[in-house]
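Fold and geometry: a report
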Amino acid sequence: DNFLVKAGRYYIYVLANDGVNPMQQFVSAGRITVERDLNNAAPSVAFVNLTTADVNADETADIEFTVSDADVDPVTLQYFFSEEKESFRVSPFWDFATDKPVTEVVTLTDANAKSHTISWDTYDVPDGSYYVMVRYTDYKHTAGMLWSTNKVVVSHGEVTGGNEPS
């Protein structure tokens, strides 16, 4: 899927293009085998505060989760938002310090669910109501996706004071 190759046997194909000569294709002589540990449990993620009510935000929204994995594998989380639930048109939470989408790794110390909170920087997010989707994986299973039941309501308020430009 998006994070890992499914179990099976594969040839390796390479396309080489140096921009000058014609493109060349290379194929491995043998195949590689990808195997999965069938006894490894997939991680799970659950919203806490977005299951019972909307969360209001001006410049940040604190979103609470529980994260668990019976095998205590680290769980990687990526966050997205959309005005429509189950939409393919999502925008990532953005980390302005790194200028990259927000990705976090939650390290678990035991098989119990661990509380986790992300503070979503909504400073540049337009006013509106947004569902949140978290994508999660332990890189041993196909990535899971979970949509919030309720929304984050972003409202930056009206700009006041000053005079109209002349």
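Scroll up to find the structure this text is about.
Keep in mind that what you see is a predicted model, and the values were worked out from it rather than measured. (Residues numbered from 1 in each chain as written. Predicted model: local features only at pLDDT ≥ 70, side-chain atom pairs only at ≥ 80, totals over all residues. Heavy atoms only, no water.)

Structural notes on the nonpolar core
Across soluble globular proteins, you tend to see nonpolar side chains buried next to one another. Condition: Buried residues of nine kinds, namely Ala, Val, Leu, Ile, Met, Phe, Trp, Tyr and Cys, make up a nonpolar core once their side-chain atoms join them within 4.5 Å. Burial here depends on accessible area, computed with a 1.4 Å probe over protein chains only, as a share of the maximum for the residue type. Under 20% is buried, over 50% is exposed, and the range in between is partly exposed. Segments assigned H or I by DSSP are reported as helices when at least four residues long, segments assigned E as strands when at least two residues long, and all are numbered from the N terminus. Any two residues whose heavy atoms approach within 4.5 Å at even a single point are treated as in contact.
By size, the foremost hydrophobic cluster in this structure holds 26 residues, and its most contacted members are Ile63, Phe65, Leu77, Phe93, Trp120 and Val152. Breaking this core down by element, the ones donating at least two residues are β5 (44-47), β6 (55-57), β7 (60-68), β8 (75-82), β13 (114-121), β14 (128-137) and β16 (152-154). Residue contacts for valine 152: discarding those within four places in its chain leaves Leu50, Val55, Ala57, Ala61, Ile63, Trp120, Gly128, Ser129, Tyr130 and Val132.

Looking at unusual backbone geometry
A positive phi angle is found at valine 72, which is not glycine, with a value near 60°. For valine 72, the position within the fold is in the loop between β7 and β8. Notably, tyrosine 139 is not glycine yet its phi reads approximately 65°, a positive angle. Among the secondary structure elements, tyrosine 139 is positioned in the loop between β14 and β15 (144-147).

Some words on a nonpolar patch on the surface
In plain terms, the rule: Excluding any residue in a salt bridge, patches collect residues exceeding 30% relative accessible area, merging like charges within 9 Å and nonpolar Val, Leu, Ile, Met, Phe, Trp and Tyr side chains within 5 Å. Using a 1.4 Å probe, the Shrake-Rupley method yields the accessible areas, and only the shown protein chains count as cover for residues. By salt bridge we mean one thing: a side-chain nitrogen of Lys or Arg within 4 Å of a carboxyl oxygen of Asp or Glu.
Together, Ile12, Val14, Phe26 and Ile32 give the surface a local cluster of nonpolar side chains, amounting to about 330 Å² of exposed area. As for its position among the elements, phenylalanine 26 is in strand β3 (residues 24-27). Residue classification places phenylalanine 26 among the partly exposed residues on the basis of a relative accessible area of 43%.

A word on the sheet that holds β7
Adjacent strands of a sheet form backbone hydrogen bonds with each other and so pair up, either parallel or antiparallel. The test is simple: The criterion for strand pairing is that DSSP finds at least two bridges linking the strands in question. Here an axis means a line fitted to C-alpha atoms, over the contact stretch when the element is a helix, while the angle between two N-to-C directions is reported on a 0 to 180 degree scale.
Strand order in the open sheet made by the three strands is β5-β7-β13, with antiparallel pairing throughout. The outermost strands of the open sheet, each flanked by one partner alone, are β5 and β13. Strand-to-strand twist across the sheet, computed as the mean angle between neighbouring axes with direction ignored, equals 35°. With eight bridges connecting them, β7 and β13 associate as antiparallel partners. By the bridge assignment, valine 67 is partnered in β13 with lysine 114.

Some thoughts on the packing of aromatic side chains
Our working rule: Ring pairs shown here join Phe, Tyr and Trp side chains whose ring centres sit within 6.5 Å, with only the six-membered ring taken for Trp; geometry is labelled stacked below 30 degrees between planes, edge-to-face above 60, and tilted in between.
Per the stated rule, a full pass over the model turns up seven aromatic pairs. Geometrically, the ring pair formed by phenylalanine 81 and tyrosine 130 is edge-to-face, given 5.2 Å between the ring centres and 85° between the ring planes. Pair noted here: phenylalanine 81 is in strand β8 and tyrosine 130 is in strand β14, with a separation of 49 residues, a long-range link. Across the pair, exposure class does not vary: phenylalanine 81 and tyrosine 130 are buried alike. Seen from their ring centres, phenylalanine 93 and tryptophan 120 are 4.2 Å apart, and the 5° between their planes marks the pair as stacked. Of this pair, phenylalanine 93 sits in the loop between β9 (91-92) and β10 (94-95) while tryptophan 120 sits in strand β13; the two residues are 27 residues apart in sequence, bridging distant segments of the chain. Each of the two residues, phenylalanine 93 as well as tryptophan 120, counts as buried.

Some remarks on the pairing of β5
Residues Val45 and Phe47 line the buried face of β5, whereas the alternating positions Ser44 and Ala46 sit on a face that is not buried. Pairing between β5 and β7: four bridges, direction antiparallel. Bridging across to β7, phenylalanine 47 finds its partner in phenylalanine 65.

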